[in-house]
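Fold and geometry: a report
One letter stands for each residue in the lines below.
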Amino acid sequence: MNKLIVFNFITLNGYFQGPNGDISWHRHGQEESEYGIEGLKSGGTLLFGRVTYEHMASFWPTPDALKNAPVMAEGMNKADKIVFSRTMKKADWNNTRLVKDNMVEEVRKMKQLPGKDMAVLGSGSILSQLAAAGLIDEYQLMVDPVLLGDGTPIFKNLPHKLDLKLTTTRTFKSGVVLLCYQPL
């Protein structure tokens, strides 16, 4: 059975983005980049909601990304990707499949297929739905040492409590702390 992993960075007060989708507060240091690259090397499938997909697809295939973060850009561009959206007509970023309906059922089926693990990046709207359905096997949260006055909570509209068990921690030189949890 394939695992579904969440990888996200958040503020100390639980936001994964600031006003107007701002993520400039995240500390993208060398150590954090190396950790992200290691995750991409596993060759799993990346899952996105529409907003995160559009953000990622507007950056990673560009010459700027290939120049400034060549290893990460190569990994992001080569990875298999699925975007969940009821409104998108097509997904042009290479190796991307668009799923319009029944996201929870689709992920349930994908977890049963042979293959590699899947990772949700960003994508707060689908994150809460997948968490509520009990489909997430591991939460990897990079907590930045910053507080925002406003933003989007990572688990907005979660319908019930989810108990988690801390499995791993790591502190980066930047002050970012990685916290890994599994559902109980």
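Relevant structure appears above.
A brief look at the structure comes next.

Here is what the cut-offs are and how they apply
- Residues numbered from 1 in each chain as written.
- Predicted model: local features only at pLDDT ≥ 70, side-chain atom pairs only at ≥ 80, totals over all residues.
- Heavy atoms only, no water.
- Helix = DSSP H or I, 4+ residues; strand = E, 2+ residues; numbered from the N terminus.
- Rg over C-alpha atoms; globule rule 2.2 N^0.38 Å.
- Buried < 20%, exposed > 50% of the residue type's maximum accessible area, 1.4 Å probe, protein only.
- Areas by Shrake-Rupley, 256 points an atom, 1.4 Å probe, with all protein chains shown as cover.
- Axes fitted to C-alpha atoms, helices over the stretch in contact; angles between N-to-C directions.
- Parallel < 35°, antiparallel > 145°, perpendicular 65-115°, else oblique.
- Left-handed = near helix turned anticlockwise from the far one by under 90°.
- Contact = heavy atoms within 4.5 Å.
- Phe/Tyr/Trp six-rings, centres within 6.5 Å; stacked < 30°, edge-to-face > 60°.
- Salt bridge = Lys/Arg side-chain N within 4 Å of Asp/Glu carboxyl O.
- Nonpolar A, V, L, I, M, F, W, Y, C, P; charged D, E, K, R; others polar.

**Overview of the overall build of the chain**
When its secondary structure is counted, the chain shows six helices and 10 strands. A globule of 184 residues ought to have a C-alpha radius of gyration of about 16 Å, and the chain, at 16 Å, matches this closely. Across its three principal axes, the chain shows a C-alpha extent of roughly 45 × 40 × 30 Å. When the 184 residues of the chain are sorted by exposure, 43% land in the buried category. Accessible surface for the chain amounts to roughly 10000 Å². Of this, 53% is attributable to carbon and sulfur atoms.

**A closer look at the packing of helix α5 (residues 103-112) against helix α6 (residues 124-132)**
Taken N-terminus to C-terminus, the directions of α5 and α6 make an angle of 65°; their axes are 10 Å apart at the nearest point. By the criterion of interaxial angle, the relationship of α5 to α6 is roughly perpendicular. In terms of crossing hand, the pair formed by α5 and α6 is right-handed. Counting all contacts with α5, which are made through Met-103, Val-104 and Val-107, the residues of α6 involved are Ile-126, Gln-129 and Leu-130.

**Remarks on the environment of Gln-140**
Here Gln-140 is to be found in strand β7 (residues 138-144). Between the C-alpha atoms of Gln-140 and Thr-62, which are 78 residues apart in sequence, the distance is 27 Å. In contact with Gln-140, other than residues within four places in its own chain, are Ile-5, Val-6, Phe-7, Asn-8, Tyr-35, Leu-178, Leu-179 and Cys-180.

**With respect to the packing of aromatic side chains**
Tallied over the entire structure, the rule returns eight aromatic pairs. An angle of 75° between the planes, with centres 5.6 Å apart, marks the rings of Phe-9 and Trp-25 as edge-to-face. Of this pair, Phe-9 sits in strand β1 (residues 4-11) while Trp-25 is found in the loop between β2 (15-17) and α1 (30-41), placing the two residues 16 residues apart along the sequence. Relative to Trp-60, the ring of Phe-59 has its centre 4.9 Å away and its plane inclined at 70°; by these criteria the two rings are edge-to-face. Phe-59 sits in the partly exposed class, given a relative accessible area of 32%.

**A word on the pattern of salt bridges**
Scanning the entire structure with this criterion turns up nine salt bridges. With a closest N to O distance of 3.1 Å, Arg-97 and Glu-106 form a salt bridge. The partner of Asp-163 in a salt bridge is Lys-161, with the nearest N and O atoms 3.3 Å apart. When its relative accessible area of 41% is taken as the criterion, Asp-163 is described as partly exposed. Residue classification places Lys-161 among the exposed positions, given a relative accessible area of 64%.

**Examining the packing of α1 against helix α4 (residues 70-78)**
The N-to-C vectors of α1 and α4 enclose an angle of 30°; their axes lie 10 Å apart at closest approach. By the angle between their axes, α1 is roughly parallel relative to α4. As for the relative orientation of α1 and α4, their crossing is left-handed in sense. Across the interface between the two elements, Ser-33, Gly-36, Ile-37 and Leu-40 of α1 pack against Val-71, Met-72, Gly-75 and Met-76 of α4. Its residues placed into classes, the contact of α1 with α4 shows five nonpolar, three polar and no charged.

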